[in-house]
Structure formats: C-alpha cells, structure tokens
Amino acid sequence: NSSLNNFFYGVTLVHEPSSYTYQSDALSANMHINHSHYDEFHTYRVEWEPSDELGNGGHIKWFADNELVYGIGADVLKKTSALIPNEPMYMILNTAISDSWGFPIPCPDGCSCECYECGNPDCECALPSNFCNNLPAYFEVDYVRVYQAIDDPNHVLGCSTKERPTSTFIEGHKERYKIKGRSEPLLPVKDGAGICSKDADCGGEGKGSCSDVFTCTCETNYTGPFCLAHDAFYDNPYIPETTPFEVMRMILPNPLVKVFLILAGAFVLVVWFNARNSQKSLGYTAVGEAEDVLLSDFQNSGVLPFPQLKSHP
C-alpha cells in the first residue's frame, strides 16, 4: 500500500540564497489515499526507537490506521554508515505542497512554469487541472499524543538533554542562530502588551482581552504579545551543571627540577662573586685609616666639604 519515495535521497535542493542549498539525505514513502481522507479523520502513527549513545540499534516505523506503511531499521542504515537519529526532535504538522508531486510534467505548451499562482493566467497554467478549486485548504487535527518508554535511557524528553546539550552548543555559537540586528538568538516571550482596539485582537474569549490602555492582557495558559500562543513549559527541564574554573598545577619531572635548582644556584654564586670583585676595584678606605684633612686646606682652595653654617647670637 506504499512505495519508496526516493526524491529526497541524494538530491541537491537548490534554494535562494545559495547558503540555503543543501544535500538531501531523507528516506520516506508515498501512500495512496482516497476520498475518505478528505472527509473523515484517520489515525497516523510514528514509532521512533532512537539508537543508543554509540549509534547502535533503533528503528523508525510509520503506520496509517494501524497498518504499517513504511519502516527502516539500524541494520539497513549501517550499509551507508548512517544511524537512527538520537538527537532531540520536534514535530511539525502541516499541509505540504510540492511542484513535483502531481504537477504536470513536462510543462504544458505555452506555459513557462516559472510561477505557481491561482488566479494568475500566466502562473495557473503550471498547476494541475482543478487544483485551485481545492483552495483554500484546511488541515484539521483532532489530537496529538506522544508516548515514551519509562526508565529507558534512550527516551529522553526535551530539546536540550544531558547527552545532547543543545542549549550549551547554541550559547557557544550564538552568531549562527541570531537574526541580523538582534543581540540574542531567542528573545524573551512577551506576555501581552500588543497594541489592540478590541478583545478579538488579543485572541478573543478565553485567550486575552484589550485593556483600557489599548494593550492586550493574556488569560492563564496563553502568552505572546497578542495572547495567541499556548504558555507551554517543560515538566522536568534539563539544567546543565556548571563546573568551576580550576587552574591545574604545573608538574615538572624530577630531573628537570634538579637541573633548574643547579642553574639557579650557579646564577646566585656568579652574581655574588661579581659584586665582591666590583667592591674591591673601587678601592674604598676605612674611615679610621684616612689621613687627617685640615679645614684650612679646603678654605684655601675655596671648596668646603660641607655647607657653611651662620651662627646667630
């Protein structure tokens, strides 16, 4: 009831700017659907068993109404040195539209197929027949439930875990995640304060209301400037442990220490010996051995050994 979709495997997906171009490495499958999928709810399930810390084991299986659609195990991926993902993930539920699935190939005569837009004759010709009659389209989701195994080290909740500390990595590489002009990758979520003129501007009943000063005030469990987002939180967030900075002591080998001490001692002896010889070369004479010098000798020469003092009666 399904077929392998190899479009996203080993394909270079070109985007603008060129920095957004990437090599796709995804495995998936296509499943045929019928009218009931447009009129009734169906149950879809994904079983993701992550690999362990070394990348061993694990599998991913997709089910539709409890029937297996596609699955892949770790043994198959080993052939390409790949592994079942074990890093933190998040889910996106959306209505995806591709210009390669169900679109006319080759391009119809007289159509450039350079644009795709309903209501524009130059662009609508590139779309499948009656495609625009399906728009606007709605993707209705009744519920989303997530389960994980109890006491299984491979099943960890959160976007930043002990084995995969995403927050620590982002903190050390902020420039990769910041929008130009912002100082931080993520700004604090505003709890209300959006400009409004009526309650409907703040999500409406149960979400928020417009205050007397024309700013939104959010109700419990809702947040954001216009109270449109759920005030979500982690029950048990992972908080990285901070390790104090320690300076390691320098440990030198014993032979090197001995050589250093010998050189230091030799240096001290050389300095002392040079100082002693310099003192002898100056020829200092002890005061007791000096000849008497008469004051008259200095007075006759006009030079005094000390300042003259003038006494006062």
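Here the structure is shown first, and the text comes after it.
In this text, all values refer to a predicted model and were calculated from it rather than measured experimentally.

A. Structural view of the state of the cysteines. Enumeration over the complete set of coordinates arrives at seven disulfides. Bridging Cys 111 to Cys 125, the disulfide has an S-S length of 2.0 Å. The S-S bond linking Cys 111 to Cys 125 shows a torsion near 75°; that makes this disulfide right-handed. With Cys 111 in the loop between α2 (74-77) and α3 (121-124) and Cys 125 in the loop between α3 and α4 (166-172), the pair connects residues that are 14 residues apart, well separated along the chain. A residue is classified by how much of its surface remains accessible, and Cys 111, at 11% relative accessible area, is buried. Given the relative accessible area of 28%, Cys 125 is considered partly exposed. One disulfide bridge connects Cys 202 with Cys 216, the sulfur atoms lying 2.0 Å from each other. Measuring handedness by torsion sign, the sulfur bridge of Cys 202 and Cys 216 sits at about -80° and is left-handed. Residue Cys 202 is found in the loop between α4 and β8 (208-210), and its partner Cys 216 is found in strand β9 (residues 216-218); the two are separated by 14 residues along the sequence. Owing to a relative accessible area of 0%, Cys 202 belongs among the buried residues under this scheme.

B. Here's a closer look at a nonpolar patch on the surface. A surface patch of nonpolar side chains, amounting to about 590 Å² of accessible area, comprises Met 91, Leu 93, Phe 139, Val 141, Val 144 and Val 146. With respect to the secondary-structure elements, Val 146 resides in the loop between α3 and α4. Judged by relative accessible area, Val 146 falls into the exposed class, the value being 63%.

C. Inspection of the side chain of Ser 51 at higher detail. Following the sequence through the fold, Ser 51 ends up in the loop between β5 (44-49) and β6 (59-64). Judged by relative accessible area, Ser 51 falls into the buried class, the value being 2%. There is a polar contact of 2.8 Å between the side chain of Ser 51 and the backbone oxygen of Ile 84. For Ser 51, the side chain forms a polar contact with the side chain of Asn 86, separated by 3.3 Å. If we skip the residues at most four places from it in the chain, Ser 51 touches Asn 56, Gly 57, Gly 58, Leu 83, Ile 84, Pro 85, Asn 86 and Asn 154.

D. View of the packing of aromatic side chains. Tallied over the full model, the rule gives one aromatic pair. In this arrangement the basic side chain of Arg 145 is found over the ring face of Tyr 143, its NZ or CZ atom lying 4.1 Å from the centre.

E. Inspection of the sheet that holds β5 at higher detail. With respect to topology, three strands assemble into an open sheet ordered β5-β6-β7, the strand pairing being antiparallel. One side of each edge strand has no neighbouring strand; the edge strands of this open sheet are β5 and β7 (67-73). Mean inter-strand twist for the sheet, computed between neighbouring axes without regard to direction, equals 10°. Where β5 and β6 come together, six bridges link them in antiparallel fashion. Looking at β6, one finds that Glu 49 is bridged to His 59.

F. Here's a closer look at the side chain of His 155. Mapped onto the elements of the fold, His 155 is located in the loop between α3 and α4. Under the relative-accessibility criterion, His 155 is labelled buried at 17%. A distance of 3.0 Å separates a polar atom in the side chain of His 155 from a polar atom in the side chain of Glu 49. With near-sequence residues (within four places) excluded, His 155 lies in contact with Glu 49, Pro 50, Gln 148 and Ala 149.

G. Structural detail: the pattern of salt bridges. On inspection of all chains with the given rule, the structure shows five salt bridges. Glu 47 is the salt-bridge partner of Arg 45, the closest N and O atoms lying 3.3 Å from each other. For the salt bridge of Lys 174 with Glu 184, the shortest nitrogen-to-oxygen distance reads 3.0 Å. Placement of the pair is Lys 174 in the loop between α4 and β8 and Glu 184 in the loop between α4 and β8, with a sequence separation of 10 residues. Shared partners join several salt bridges into a network, and the residues in it are Glu 171, Lys 174 and Glu 184.

Basis of the calculations
Residues numbered from 1 in each chain as written. Predicted model: local features only at pLDDT ≥ 70, side-chain atom pairs only at ≥ 80, totals over all residues. Heavy atoms only, no water. Disulfide = S-S within 2.5 Å. Helix = DSSP H or I, 4+ residues; strand = E, 2+ residues; numbered from the N terminus. Buried < 20%, exposed > 50% of the residue type's maximum accessible area, 1.4 Å probe, protein only. Patch = residues over 30% accessible without salt bridge, like charges linked within 9 Å, V, L, I, M, F, W, Y side chains within 5 Å. Areas by Shrake-Rupley, 256 points an atom, 1.4 Å probe, with all protein chains shown as cover. Salt bridge = Lys/Arg side-chain N within 4 Å of Asp/Glu carboxyl O. Polar contact = N/O pair within 3.5 Å; in protein donor to acceptor, adjacent residues only side chain to side chain. Contact = heavy atoms within 4.5 Å. Phe/Tyr/Trp six-rings, centres within 6.5 Å; stacked < 30°, edge-to-face > 60°. Lys NZ or Arg CZ within 6 Å of the ring centre and 35° of its normal. Pairing = 2+ DSSP bridges. Axes fitted to C-alpha atoms, helices over the stretch in contact; angles between N-to-C directions.

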